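So you can see what is in the structure, the chains are spelled out below.
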Amino acid sequence: MWTPKGYDWVYQRFISSQIDGYETVLAKPFENRFLLDKIPDYYERLKSSYDQKFYTQECWASTSA
């Protein structure tokens, strides 16, 4: 998971062009069943550790994609 806010080094390295041997999975919040099967309260944990503005930015800003 990385920030949807901007085009940081992760975006530059893995999204803007494909690299042999790597695969990127783009998913909206709550679509990553592997993560949620391991940590069912993942988003609740983030919400309790982030302020509301940061939580919305990091967890929900990319849902329109």
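Counting of residues starts from 1 at the beginning of each chain's written sequence and follows it residue by residue. Given that this is a predicted model, residues contribute local features only at a pLDDT of at least 70 and side-chain atom pairs are listed and counted only at 80 or more, while totals for whole chains, interfaces and linings are drawn from all residues. In computing side-chain properties, one takes all heavy atoms of the structure into account and sets aside hydrogens as well as water.

Here's the deal with the overall build of the chain
When helices and strands are counted, the chain shows four helices and zero strands. The numbering of helices and of strands both runs from the N terminus, where a helix is a DSSP run of H or I of at least 4 residues and a strand a run of E of at least 2. In sequence order, the chain lays out its α and β elements as α-α-α-α. For the chain, the proportion of its 65 residues judged to be buried stands at 17%. For every residue, the accessible area (1.4 Å probe, protein chains only) is compared with the maximum for its type, and the residue is labelled buried under 20%, exposed over 50%, or partly exposed between those bounds.

Some details on the confidence of the model for the chain
Confidence scores per residue from the predictor, reported as pLDDT, run from 0 to 100. Looking at the chain, pLDDT values average 82 and 82% of them are 70 or higher. When pLDDT is averaged over each helix and strand of the chain, the minimum, 81, is found for helix 1 (residues 9-15) and the maximum, 94, for helix 3 (residues 42-49).

Remarks on the nonpolar core
Soluble, globular proteins show a tendency: their nonpolar side chains are buried together. Among the nonpolar cores identified, the biggest contains seven residues, and these are Leu-35, Leu-36, Tyr-42, Tyr-43, Leu-46, Tyr-55 and Cys-59. Those elements giving two or more residues to this core turn out to be helix 2 (33-38), helix 3 and helix 4 (52-60). At three residues, helix 3 tops the list of elements feeding residues into this core. Here, the term nonpolar core denotes a set of buried Ala, Val, Leu, Ile, Met, Phe, Trp, Tyr and Cys residues that are joined through side-chain atoms within 4.5 Å.

As for the packing of helix 3 against helix 4
Put simply, helix 3 and helix 4 touch, their axes get as near as 8 Å, and they point 140° apart. Residue-level inspection shows Tyr-43, Leu-46 and Lys-47 of helix 3 in contact with helix 4, the latter providing Gln-52, Tyr-55 and Cys-59. For this scheme, ten residues count as nonpolar: Ala, Val, Leu, Ile, Met, Phe, Trp, Tyr, Cys and Pro. Four count as charged, namely Asp, Glu, Lys and Arg, and the remainder, Gly too, count as polar. Counted by class, the contact of helix 3 with helix 4 contains four nonpolar, one polar and one charged residues. Note on geometry: axes are C-alpha line fits, over the in-contact stretch for helices, and angles between N-to-C directions span 0 to 180 degrees. Here a residue-residue contact requires only that any non-hydrogen atoms of the pair lie within 4.5 Å.

A word on the packing of aromatic side chains
Describing an aromatic ring pair means giving the distance of the ring centres and the angle of the ring planes. What counts as a ring pair is set by centres within 6.5 Å for rings of Phe, Tyr and Trp (its six-membered ring), and what kind of pair is set by the plane angle: stacked under 30 degrees, edge-to-face over 60, tilted for all other angles. Per the stated rule, a full pass over the model turns up four aromatic pairs. When the ring of Tyr-50 is compared with that of Phe-54, the centres are 4.6 Å apart and the planes differ by 70°; the resulting orientation is edge-to-face. Assessed through its relative accessible area of 28%, Tyr-50 is described here as partly exposed. Taken together through their ring pairs, the aromatic side chains of Phe-30, Tyr-42 and Tyr-43 make up a single cluster.

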